[in-house]
Amino acid sequence: MNIDNMSAIEIAEKVRAGKLLAVDVTEHYLKRCQRLNNRLNAIISLSEQAMIEAEKIDNGKKENLALAGVPVLLKDMFCTQNLKTTAASKILKEFVPPYSSTVTEKLQSAGAIVLGKCNQDEFAMGSSNETSFFGPAKNPWNLEYVTGGSSGGSAAAVAARLAPLSIGTDTGGSIRQPASFCGVFGIKPTYGRISRYGIIAFASSFDQAGPLSLRVKDSSLCLEVLCGKDEKDSTSISQPVPRFSNAQFKNNLKVGRIKSFFNNQVNKSILNKANEAMDLLKSNGAQIVDIDIDHLEVAVDTYYLIAMSEASSNLSRYDGVRYGYRADFSRNQPKNLEDFYSRTRSEGFGEEVKRRIALGTYSLSSGYYEAYYLQAAKVRRLIRNSFLRAFENVDVLVSPVTTDTAFRIGEKTENPLEMYYNDSFTTCVNLAGLPAASVPIGFDNKGLPMGLQLIANDFQEEVILSTAQKNRGPLQVL
Ligand code: GLN
């Protein structure tokens, strides 16, 4: 039995049936992580509890465990009790949470084994994993290239089969963009589907968790486990959770092609493969129409303005008083409380995080709030309205995920704006709160993977999942 080639679904079935031991699967993947991670830097910490958890699964009642014995890697944004959770920041580099996120708990209650925590951009701010305090994760398809971000470690880990399943977060594209750069499937569900409780907050009105996997079906199963109302997160939504893994491809599917995203800025190979993917859908009975969504040209600006504003507020809690990094005051006592905070925060946060806190504080400050934050909030609503109008006529929207494939490590670090414009096709979806995924569609002439973005109406993840399965990328074993 070759464990590397097994889907999460197969592993769970075999473990439930007693044909495979969770300890064997866990040991296999732990070893693989240890062996490959020094080259990939996709993992920040491995769990010392994993084998104990696996033993418990083997010795317990497992008939009803959807993810019995399935090894899972979590982005380091998810609090894990007794296991370091760093957000890839110096300010939390030794932080061991006293409790677990709802996502962590749900996975474990379903029998999944948390193997460890993945590398990412610091506080999920970035598009290349290069803002991580622990250094960039490497793209498994070419180690000189970025994984994308911010869930870069989660995407690279799944691509390199360090686990069949990983969990990321997506605030402006952070599941979809790295999924496309690493050639795996990744889906951000509708805002509110999955509880944010115990996920380190970046921009709370956008942050959503979601799975990444080689196979669409594994993500479907994972969503069944993760979705649902949680009393601990008031923005989580009580909406029935469908059997995502049973989703059937829709007859006469109406597909809208977001016209302005198929432009000459986009890498030709991506356009070609995206068109091939649409032909495939057509040959399966889908109808393709061109769609205009209004105000997309200001989506990135609107997103960054709101995200930075929320981040400046969310990150004010890191002051070095109760937990996290504190500046070394042994030789040079703080002059006053402000000096204590400012030295701790200057040393504890990286450049990109500080830039965002400064800009976000500015846009929320009195006198500027109306001109910046409030204006952005209005544009956000207009963009959502335009998407909702489109969904009166189509079931699913498609676009490239990015204008280009992965870039070289270091290539864009000097130019934050260029980095932000990486998110041209993904941030609009978070502004609208809609579910969206990246589906692998092939490789460019450098051998780097490419993704197609599928976007659906609120709570229509099933349409995305069933459509993605028709789209067999070369890596997909569906
Ligand atoms: N790249 C975007 C940013 O830097 C999105 C990040 C995310 O989705 N967490 O904000």
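Residues numbered from 1 in each chain as written. Predicted model: local features only at pLDDT ≥ 70, side-chain atom pairs only at ≥ 80, totals over all residues. Heavy atoms only, no water.

## A word on the site of the ligand
In the vicinity of the ligand lie 15 residues, with Thr-171, Gly-172, Ser-174, Tyr-303 and Arg-356 positioned nearest. Taking Gly-126, its main chain carries an N or O atom lying 2.9 Å from an oxygen atom of the ligand. Here the ligand loses 100% of its free accessible area of 290 Å² to cover by the protein chains. A breakdown of the residues in the shell around the ligand according to their chemical character gives five nonpolar, seven polar and three charged. (Near = heavy atom within 4 Å. Polar contact = N/O pair within 3.5 Å; in protein donor to acceptor, adjacent residues only side chain to side chain. Areas by Shrake-Rupley, 256 points an atom, 1.4 Å probe, with all protein chains shown as cover. Nonpolar A, V, L, I, M, F, W, Y, C, P; charged D, E, K, R; others polar.)

## With respect to the state of the cysteines
A complete count under the given rule lists zero disulfides for this structure. Free of any disulfide, Cys-118 has its nearest neighbouring cysteine sulfur in Cys-33, separated by 8.2 Å. (Disulfide = S-S within 2.5 Å.)

## Here we look at the packing of aromatic side chains
Enumeration according to the criterion identifies 19 aromatic pairs in this entry. Each ring, one from Phe-340 and one from Tyr-341, has its centre 6.2 Å from the other, and the planes form 70°; the classification is edge-to-face. Note on Phe-340: relative accessible area 12%, which makes it buried. A relative accessible area of 29% places Tyr-341 in the partly exposed class. Cation over ring: Lys-412 sits above Phe-407, and NZ or CZ is 4.5 Å from the ring centre. (Phe/Tyr/Trp six-rings, centres within 6.5 Å; stacked < 30°, edge-to-face > 60°. Buried < 20%, exposed > 50% of the residue type's maximum accessible area, 1.4 Å probe, protein only. Lys NZ or Arg CZ within 6 Å of the ring centre and 35° of its normal.)

## Some points on the sheet that holds strand E7 (residues 254–258)
Reading across from one edge, E1-E3-E2-E4-E6-E5-E10-E11-E9-E7-E8 is the order of the 11 strands in this open sheet, with mixed pairing throughout. Of all the strands in the sheet, just strand E1 (43–46) and strand E8 (287–291) have a single pairing partner and so form its edges. For this sheet the average axis-to-axis angle between neighbouring strands, irrespective of direction, equals 30°. Strand contacts of helix H4 (residues 102–109): strand E2 (71–75), strand E3 (113–118), strand E4 (165–170) and strand E6 (208–213), with the helix running at about 180° to E2, the strand carrying the most contacts. Lying on the sheet, helix H7 (residues 216–226) is in contact with E4, strand E5 (185–188) and E6; it crosses E6 at an angle near 150°. (Pairing = 2+ DSSP bridges. Helix = DSSP H or I, 4+ residues; strand = E, 2+ residues; numbered from the N terminus. Axes fitted to C-alpha atoms, helices over the stretch in contact; angles between N-to-C directions. Contact = heavy atoms within 4.5 Å.)

## Examining the pairing of E6
Burial analysis of E6 places six of its six residues in the buried class, the great majority of the element. Residues Gln-208, Gly-210 and Leu-212 point to one face of E6 and Ala-209, Pro-211 and Ser-213 to the other, with burial holding for every one of them. As judged from the six bridges shared by E4 and E6, these two strands associate in the antiparallel manner. By the bridge assignment for E6, Asp-170 is matched with Gln-208. The pairing of E5 with E6 spans two bridges and is antiparallel. When the bridges of E6 are listed, Gly-186 appears paired with Leu-212.

## Focus on the pairing of E3
E3 sits mainly inside the fold: six of its six residues count as buried. The sheet contact formed by E1 and E3 spans three bridges and is antiparallel. Bridge assignment links Ser-45 to a residue of E3, and that residue is Lys-117. Sheet analysis places E2 next to E3, joined by five bridges and oriented parallel. Bridged to Val-72 within E3 is Val-114.

## A few points about the side chain of Asp-423
With respect to the helices, strands and loops of the structure, Asp-423 is situated in the loop between helix H13 (416–420) and helix H14 (427–432). At 6.1 Å, Arg-356 is the nearest oppositely charged side chain to Asp-423, a buried residue that forms no salt bridge. A polar contact is formed between the side chain of Asp-423 and the side chain of Tyr-304, at a distance of 2.5 Å. Leave out the neighbours within four places in its chain, and Asp-423 touches Ser-127, Gly-172, Val-300 and Tyr-304. (Lys, Arg positive; Asp, Glu negative; His and termini not counted. Salt bridge = Lys/Arg side-chain N within 4 Å of Asp/Glu carboxyl O.)

## Focus on the pattern of salt bridges
Within this structure, the stated rule accounts for 21 salt bridges. With a shortest N-O distance of 3.4 Å, Arg-343 and Asp-339 are connected by a salt bridge. Residue Arg-343 and its partner Asp-339 are both found in helix H10 (residues 337–348); the two are separated by four residues, about one turn of the helix. No difference in accessibility class separates Arg-343 from Asp-339, as the two residues are buried. Note that Lys-412 is salt-bridged to Glu-418, the shortest N-O span being 3.9 Å. Judged by relative accessible area, which is 15%, Lys-412 ranks as buried. Residue classification places Glu-418 among the partly exposed residues on the basis of a relative accessible area of 37%. In the salt-bridge network here, residues are joined through shared partners; they are Glu-352, Arg-355 and Arg-356.

## Observations regarding the environment of Val-429
Relative to the elements of secondary structure, Val-429 occurs in helix H14. Along the chain, Val-429 and Leu-143 lie 286 residues apart, while their C-alpha atoms are 30 Å from each other. The contact partners of Val-429, leaving out residues within four places of it in the chain, are Arg-176, Lys-188, Leu-434, Ala-436, Gln-453 and Ile-455.

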